[in-house]
Amino acid sequence: MIHPEIASRRLLHQRISYGRFDKPEQVVRHLGAMQAQDYHQVLWAIGVRMQHAVIGDIEQSIAHRQIVLTWPMRGTIHCVPPEDVRWMLKLLSPRILAKDKRRLEQLELTTDMIERCKQLAIDALQGGRRMTRPDLMQVFEEAGISTTGQRGYHLLWHIAQAGLICMGPREGKQQTFVLLDEWVPLAKEIPPEEALALLTERYFRGHGPATVQDLAWWTGLTLTDARKGVEAARNRLISETIAGRVYWRASAEQSGDAVVQSGAYLLPGFDEYFLGYQDRTAVVSAEHARFIVPGNNGVFMPIIVVDGQVAGIWKRSITSKGIDIIMHLFYANPGRRDELMNAAAKYGEFMGLPLTSTDIQVMDL
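Attention in this report is confined to the structure presented alongside it. Note that the structure is a prediction, hence the values are computed from the model and not measured. (Residues numbered from 1 in each chain as written. Predicted model: local features only at pLDDT ≥ 70, side-chain atom pairs only at ≥ 80, totals over all residues. Heavy atoms only, no water.)

What to know about the pattern of salt bridges
Item 1. The tally for this structure, following the rule as stated, stands at 17 salt bridges.
Item 2. Close ionic contact of R29 with E83 constitutes a salt bridge, the shortest N to O distance being 2.8 Å. Of the two residues, R29 is situated in helix 2 (residues 24–31) and E83 in the loop between strand 3 (76–80) and helix 5 (85–98); the sequence distance between them amounts to 54 residues.
Item 3. According to the relative accessible area criterion, R29 is partly exposed, its value standing at 30%.
Item 4. On the basis of relative accessibility, which here comes to 34%, the residue E83 falls in the partly exposed class.
Item 5. A salt bridge links D181 to R86, with the nearest nitrogen and oxygen atoms 3.0 Å apart. Remark: R86 occurs in helix 5 and D181 occurs in helix 10 (residues 180–183); sequence separation between them is 95 residues. (Salt bridge = Lys/Arg side-chain N within 4 Å of Asp/Glu carboxyl O. Helix = DSSP H or I, 4+ residues; strand = E, 2+ residues; numbered from the N terminus. Buried < 20%, exposed > 50% of the residue type's maximum accessible area, 1.4 Å probe, protein only.)

Listed below in structure tokens is the structure:
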């Protein structure tokens, strides 16, 4: 069920309602990793957790290698701190790759093809070069390896999972790829047990209060390994029982006791506030959850959060004159109009564009 205390404290610990950061990389480091399946959405996910930010600040941090985009967990693109890339991949990729055999068979990709593409990528990118996805796929095509359908994307994904490449800064609308070893300085290796404990602490620091099941889902670990992570990091965690379930948070974080974090926020799609948990019922009702992932197709809509609860979805349209924003509320919030308008204005400031129109509508459910 919806639980205001859990929602309020997550707003606090995710640094949405309080304690915002000055730099983009501080946001990413605090949360451990941030889903970046949609590039523009993750830029706002970082920006909304900063004191003052414009979109160029986050893109500059990516270009300056203070934030790295790769596939460390669940087979999905995330923003991660550069010093954590290698140990995250080493800890989490083996399980993801082990589950990939069936997909490789469907795409008719063999081990020899993958190894050949690894070397092709190294040859094409070494020396500090960067290439867009289409250009890198063309390299594979010229070597006689078809990239049609999902084959090309899957090859790049597989090579990134192996820790050879990661994403570099954008060139126009195209994401580039670079060699990980050239892009990110080598860091001290961390033993698996220590890495598991560190990842566990990072998750509960930025996402608590959360459950072991939430941790397992977020990382892609088995529930058994997630429990091992909690045991390994136990001296840096605090547990508590809320509504009959055991929740964890990092002991270094504020408890949020007796603190009501009110406010209205426009959060992006795929935001950690919603996506970062297996169980999302603390912040959204079952009746409304279906609107956030319409068609259950894996695409998460940008959400409106009022006093910790998901109160609707929103859309933006960029025109030649500025930004049009439409908010679709699940229920009327007549006393919160000014806060919602202020939240829209903050997004406009982040984008560096004027708000040409802001419309608030109540959905007919």
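Comments concerning the packing of aromatic side chains
For any pair of aromatic rings, the description rests on two quantities: the centre-to-centre distance and the angle between the ring planes.
Item 1. Counting across every chain of the model gives 11 aromatic pairs.
Item 2. Note on F270 and F300: the rings are 5.5 Å apart at their centroids and 45° apart in plane angle, and the pair reads as tilted. Of the two residues, F270 is situated in the loop between strand 9 (264–267) and helix 14 (272–275) and F300 in the loop between helix 15 (286–292) and strand 10 (303–306); the sequence distance between them amounts to 30 residues.
Item 3. Judged by its relative accessible area of 9%, F270 is buried.
Item 4. Members of the aromatic cluster, joined through ring pairs, are W44, W314, Y347 and F350.
Item 5. The aromatic ring of W183 is capped on one face by R65, whose charged end is 3.9 Å from the ring centroid.
Item 6. Over the aromatic face of Y39 sits the side chain of R170, whose NZ or CZ is 4.0 Å from the ring centroid. (Phe/Tyr/Trp six-rings, centres within 6.5 Å; stacked < 30°, edge-to-face > 60°. Lys NZ or Arg CZ within 6 Å of the ring centre and 35° of its normal.)

Quick word on the side chain of E272
Item 1. Along the polypeptide, E272 turns up in helix 14.
Item 2. Only 2.9 Å separates the side chain of E272 from the side chain of W218, close enough to count as a polar contact.
Item 3. Those residues in contact with E272 that sit more than four places away from it in its chain are Q14, A33, M34, Q35, R49, H207, W218 and Y277. (Polar contact = N/O pair within 3.5 Å; in protein donor to acceptor, adjacent residues only side chain to side chain. Contact = heavy atoms within 4.5 Å.)

Points about the sheet that holds strand 13 (residues 355–362)
Item 1. What the five strands build is an open sheet, ordered 9-10-11-12-13; its pairing is mixed. Every interior strand has two partners, whereas the edge strands, strand 9 and strand 13, have only one. On average, each strand axis in the sheet is tilted by 25° relative to the strand beside it, whichever way the strands run.
Item 2. Bridge count between strand 10 and strand 11 (residues 309–318): four bridges; the pairing is antiparallel. (Pairing = 2+ DSSP bridges. Axes fitted to C-alpha atoms, helices over the stretch in contact; angles between N-to-C directions.)

Some details on helix 2
Item 1. The element helix 2 is largely enclosed, with a buried count of six among its eight residues.
Item 2. Those residues of helix 2 not exposed but buried are P24, E25, V27, V28, H30 and L31.
Item 3. Backbone geometry just after helix 2 places G32 at a positive phi near 90°.

Section: the side chain of H158
Item 1. Its place among the elements puts H158 in helix 9 (residues 151–161).
Item 2. Classification of H158 by relative accessible area gives buried; the value is 10%.
Item 3. Ignoring sequence-local partners within four residues, the contact set of H158 consists of L97, D100, L104 and I114.

A look at helix 1 (residues 4–13)
Item 1. Burial within helix 1 is extensive, with eight of its 10 residues counted as buried.
Item 2. Where helix 1 is concerned, the buried positions are I6, A7, S8, R9, R10, L11, L12 and H13.
Item 3. Looking one or two residues beyond helix 1, the residue adopting positive phi is R15, at roughly 60°.

Here we look at the state of the cysteines
Item 1. Taken as a whole, this structure holds zero disulfides when the rule is applied.
Item 2. As a non-bridged cysteine, C79 has C166 as the owner of its nearest cysteine sulfur, 11 Å distant.
Item 3. Relative accessible area serves as the criterion here: at 1%, C79 is assigned to the buried category. (Disulfide = S-S within 2.5 Å.)

Some words on the packing of helix 5 against helix 9
Item 1. For the pair helix 5 and helix 9, interaxial distance at closest approach is 10 Å and the crossing angle is 140°. By the angle between their axes, helix 5 is oblique relative to helix 9. On helix 9, the residues touching L89, S93, I96 and L97 of helix 5 are W157, H158, A160 and Q161.
Item 2. Partitioning the contact of helix 5 with helix 9 into residue classes produces five nonpolar, three polar and no charged. (Parallel < 35°, antiparallel > 145°, perpendicular 65-115°, else oblique. Nonpolar A, V, L, I, M, F, W, Y, C, P; charged D, E, K, R; others polar.)

Thoughts on the environment of R170
Item 1. Structurally, the position occupied by R170 is in the loop between strand 5 (165–167) and strand 6 (176–179).
Item 2. You can call R170 partly exposed: its relative accessible area is 28%.
Item 3. Along the primary structure R170 and I62 are separated by 108 residues, whereas in three dimensions their C-alpha atoms are 9.1 Å apart.
Item 4. Once residues within four sequence positions are removed from consideration, R170 is found in contact with Y39, H40 and Q175.
Item 5. Within the structure, the side chain of R170 is placed 3.2 Å from the side chain of Q175, a separation counted as a polar contact.

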